[in-house]
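# Descriptive analysis of the structure
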Number of protein chains: 2
Amino acid sequence: MATRDPDRKRQQLMEAALAEFAEYGVAGARVDRLAKRAGISPGLVYSFFAGKEGLFEAVYEAIVEQTVDAVPIDADDLPEYAGRLHDTAARHPQVMRFLAWYALERAERPVPEVVARSMDEKITAIEAAQRSGTVRSDKPAGEVLALVLALANMWQHQGEDVGHLVTDAQRRSVITDAVRRLVTP
Amino acid sequence: MATRDPDRKRQQLMEAALAEFAEYGVAGARVDRLAKRAGISPGLVYSFFAGKEGLFEAVYEAIVEQTVDAVPIDADDLPEYAGRLHDTAARHPQVMRFLAWYALERAERPVPEVVARSMDEKITAIEAAQRSGTVRSDKPAGEVLALVLALANMWQHQGEDVGHLVTDAQRRSVITDAVRRLVTP
DNA sequence: CCTTCTTAAATGAATGTTCATTTAACGCGT
DNA sequence: ACGCGTTAAATGAACATTCATTTAAGAAGG
């Protein structure tokens, strides 16, 4: 039984970092607070990662890895696909919030290779569905995808002002109904 | 010719603050840099506003004041309404970015009174349009509004990954076409 | 019109605090 | 006993904020 367990600490650190960054962003995050959450000393952060910034990037990369392809596209049933995207987002609010921070604080960074590739695959899948007639063909696949993603994530972006217009239970079907109307031929 | 002109300085300060906050958020903003942008000394900031935080709030309030009702709703032509929202957003990227920061950094704050009221008015307008038959009546007005707003702002939220799928020129019509499909009876 | 007095505006160096990062010592497991 | 994982404390840079001082614009008085 390893009472010394670097891997476990590393894992705890990543989880605490996600929580801290999701709440405050990089600039607002405090290394001390984050280390305390992880149950380690602040100094130890630096033996695992390249400082606060490095930790932020590491968390981002872990999220990308776990999130891309977490919800495989089903181009023949885009409403359900959007619904599943929504479900996943709703189940991981911390991750969504982290990504929102990342988009602002790392606005200039290029899109990661894996993400770009995943996007291409989705386009290809939609184009196939258009050819087989399950998706309307009068709009380019990229446009269809943009709409599906926008609707799938709509409740993430909407603030409290818009959010309270609809109950939690209704949110999913708002998305699926709208996508159905938009993509069926 | 007034070489001393507090009102002008105050104005310059607000503009510089918007630029600085839009770029870095509150936590990342630097008072020195912001003051230099405004062409004033850092100390002067504190004679106008309650520190960095107070300045942030002041900029937010100014934006809310200028933005609410900047695009009056036309419930009988929601596609065009969404298009106009998009136009305005596209014309003021700094403001949009500022609001994105605000949503994250002030997540817990209640919705301002003016915003809530403006929302109620929009709902009422849509309900009227539903009664007169220009908007589908099989969905509650709140749901319709949520969809319209989500689509109007879709290009603000989408990152570079999705954004490059469609050219600038197409963006507006993607929104208006989609809204038309979603809201017509 | 000048000169002096008064008040407001503005500055920027000094202050004190907050924080990321470094360092040096400690002790567990082998 | 040795080396690595870990810590607590030390360091110092970065910043927000304050404040003593300077500068400018009127007001009062001659």
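Small disclaimer: the values here were computed from a predicted structure and weren't measured. (Residues numbered from 1 in each chain as written. Chains lettered and ligands numbered in written order. Predicted model: local features only at pLDDT ≥ 70, side-chain atom pairs only at ≥ 80, totals over all residues. Heavy atoms only, no water.)

### Quick notes on the UniProt feature "DNA-binding region" (unreviewed entry) in chain A
Our working rule: UniProt positions are given in the numbering used here, feature names are shortened, and annotations may be inferred rather than shown by experiment. Only DSSP runs of H or I reaching four residues or more are called helices, and only runs of E reaching two or more are called strands; each is numbered from the N terminus.
If you check UniProt for "DNA-binding region" (unreviewed entry), the listed places come out as residues 30-49 of chain A in our numbering. Structurally, residues 30-49 of chain A is divided into 60% helix and 0% strand, and its ends, taken at the C-alpha atoms, are 15 Å apart.

### Here's the deal with helix α4 (residues 51-67) of chain B
How we decide: In this analysis, the expected span of each helix is defined as 1.5 Å times one less than the number of residues it contains. Every residue pair with non-hydrogen atoms within 4.5 Å of one another is taken to be in contact.
A rise of 1.5 Å per residue sets the reference length of α4 of chain B, with its 17 residues, at 24 Å; its end C-alpha atoms lie 24 Å apart and thus fit the reference within 8%. Buried residues along α4 of chain B sit against α1 (6-28), α2 (31-38), α3 (42-48), α6 (93-105) and α7 (113-131) of chain B.

### Structural notes on the relation of the copies chain A and chain B
The line we're drawing: To line up the copies, we fit them by least squares on C-alpha atoms, keeping just the residues with pLDDT of at least 70 in both.
When chain A is fitted to chain B, the residual RMSD is 0.1 Å, and the transformation amounts to a turn of 180 degrees plus an axial shift of 0.1 Å. Viewed as a symmetry operation, the transformation between the two copies matches a two-fold axis. Measuring from the rotation axis to each C-alpha of chain A, the shortest distance belongs to A27 of chain A, at 2.8 Å. Both copies share a contact surface, since 100% of the interface residues of chain A are interface residues in chain B too.

### A word on the UniProt feature "domain: HTH tetR-type" (unreviewed entry) in chain A
Listed under "domain: HTH tetR-type" (unreviewed entry) in the UniProt record, and renumbered for this structure, are residues 7-67 of chain A. Span residues 7-67 of chain A is 84% helix and 0% strand, its end C-alpha atoms 22 Å apart.

### As for empty space enclosed by the protein
As a reminder of what qualifies: Definitions used for this entry: grid spacing 1 Å over protein atoms alone; cavity, a set of points where a 1.4 Å probe fits but cannot get out; pocket, an open set with protein on both sides within 12 Å along at least 5 of 7 lines; lining residue, one with an atom within 4 Å of a point. Grid points are joined across faces, edges and corners, and a volume is the space filled by probe spheres set on the points. All residues other than Ala, Val, Leu, Ile, Met, Phe, Trp, Tyr, Cys, Pro, Asp, Glu, Lys and Arg, Gly among them, are scored as polar; the first ten of these are nonpolar and the last four charged.
The full count for this structure, using the stated rule, is one cavity of 30 Å³ or more. Looking at the largest cavity, the residues that line it are R136, K139, E143, L147 and L182 of chain A together with V174, D177, A178 and R181 of chain B. Those elements that provide at least two residues to the lining of the largest cavity are α8 (141-152) of chain A together with α11 (168-183) of chain B. Considering each element in turn, the lining of the largest cavity owes the most residues, four residues, to α11 of chain B. The residue inventory of the lining of the largest cavity, partitioned by class, reads four nonpolar, no polar and five charged.

### So, the packing of α4 of chain B against α6 of chain B
Residues and elements named next belong to chain B. Short version of the rule: Inter-axis angles, ranging from 0 to 180 degrees, are taken between N-to-C directions of lines fitted to C-alpha atoms, where helices are fitted over the stretch in contact. In these notes the angle categories are as follows: under 35 degrees is roughly parallel, over 145 is roughly antiparallel, 65 to 115 is roughly perpendicular, and the rest is oblique. The sense of a crossing depends on the near helix, which, turned anticlockwise from the far helix by less than a right angle, makes the crossing left-handed and, turned clockwise, makes it right-handed.
Between α4 and α6, the least distance of the axes is 11 Å, while the angle of their chain directions is 125 degrees. Accordingly, the angle class assigned to the pair α4 and α6 is oblique. By crossing handedness, the relation of α4 to α6 is classed as left-handed. Along its contact with α4, which presents F56, E57, V59, Y60 and I63, the element α6 presents V95, F98, L99, Y102 and E105.

### Re unusual backbone geometry
Residues and elements named next belong to chain A. Basically, it comes down to this: When a residue's accessible area, from a 1.4 Å probe over protein chains only, is under 20% of the maximum for its type it is buried; when over 50% it is exposed; and in between it is partly exposed.
The phi angle at D69 is positive, at roughly 70 degrees, despite the residue not being glycine. If you trace the backbone, D69 turns up in the loop between α4 (51-67) and α5 (78-91). Looking at D69, the relative accessible area reads 53%, which means it is exposed.

### Section: the nonpolar core
Generally speaking, a soluble globular protein has its nonpolar side chains buried in company with each other. Note the threshold: Throughout, nonpolar core names a set of buried Ala, Val, Leu, Ile, Met, Phe, Trp, Tyr and Cys residues whose side chains join them through atoms within 4.5 Å.
In this structure, M154 of chain A together with M154 of chain B are the most contacted members of the largest nonpolar core, which totals 62 residues. Discounting residues that sit within four places of it in the chain, M154 of chain B has contacts with A146, L147 and A150 of chain A together with V174 and I175 of chain B.

### Quick notes on the side chain of H86 of chain A
When you line up the elements, H86 of chain A lands in helix α5. Once residues lying within four places of it in the same chain are set aside, the contact partners of H86 of chain A are A152, W155, R171, R172 and I175 of chain A.

### Comments concerning the pattern of salt bridges
Our working definition: Salt bridge, as applied in this entry: a Lys or Arg side-chain nitrogen positioned within 4 Å of an Asp or Glu carboxyl oxygen.
By the definition in use, this model includes 30 salt bridges over all chains. Residue E143 of chain A is joined to K139 of chain A by a salt bridge in which the shortest nitrogen-to-oxygen separation is 3.8 Å. Here E143 of chain A matches K139 of chain A in class, with each residue buried. One salt bridge in this structure joins E20 of chain B and R37 of chain B, with 3.0 Å as the shortest N-O distance. Taken together, the residues E20 of chain B in helix α1 and R37 of chain B in helix α2 connect sequence positions 17 residues apart. Taken together, the salt bridges that share partners define one network made up of E20, E23, R33 and R37 of chain A.

### Observations concerning the packing of aromatic side chains
Basically, it comes down to this: The criterion for an aromatic pair is that two Phe, Tyr or Trp rings (for Trp, the six-membered ring) have centres within 6.5 Å, with stacked assigned to planes under 30 degrees apart, edge-to-face to planes over 60 apart and tilted to the rest.
With the rule as written, the count across this model stands at 15 aromatic pairs over all chains. For the pair F21 of chain B and F56 of chain B, a centre-to-centre distance of 4.9 Å together with 75 degrees between the ring planes defines the contact as edge-to-face. With F21 of chain B in helix α1 and F56 of chain B in helix α4, this pair connects stretches of sequence that are 35 residues apart. Residue classification places F56 of chain B among the buried positions, given a relative accessible area of 0%. Of the aromatic side chains, those joined through ring pairs into one cluster are F21, F56, Y60, F98 and Y102 of chain A.

### Some thoughts on the interface of chain A and chain B
Rule in force here: Here the buried area means the combined drop in accessible surface, using a 1.4 Å probe, for two parts upon being joined, counting both sides. Identification of polar contacts relies on pairs of N or O atoms within 3.5 Å, with a donor-acceptor requirement for protein atoms, meaning one able to donate a hydrogen and the other able to accept it, and with residues adjacent in sequence counted only if both atoms are side-chain atoms.
On the side of chain B, 37 residues touch chain A, which itself brings 37 residues to the contact. Contact between chain A and chain B buries roughly 3,300 Å² in total, counting both sides, with carbon and sulfur atoms accounting for 72%. The three residues of chain A that bury the most area against chain B are L104, L165 and R181 of chain A, which together make up 21% of that side's buried surface. The residue D177 of chain A makes a salt bridge to K139 of chain B at a minimum N-O spacing of 2.5 Å. On inspection of chain A and its partner chain B, the count reaches nine residue pairs in polar contact (both at pLDDT 80 or more). For the side of chain A that touches chain B, the secondary structure elements donating two or more residues are α1 (6-28), α6 (93-105), α7 (113-131), α8, α9 (154-157), α10 (160-163) and α11 (168-183) of chain A. The element that contributes the greatest number of residues to the side of chain A that touches chain B is α8 of chain A, accounting for eight residues. A breakdown of the residues in the side of chain A that touches chain B according to their chemical character gives 23 nonpolar, five polar and nine charged.

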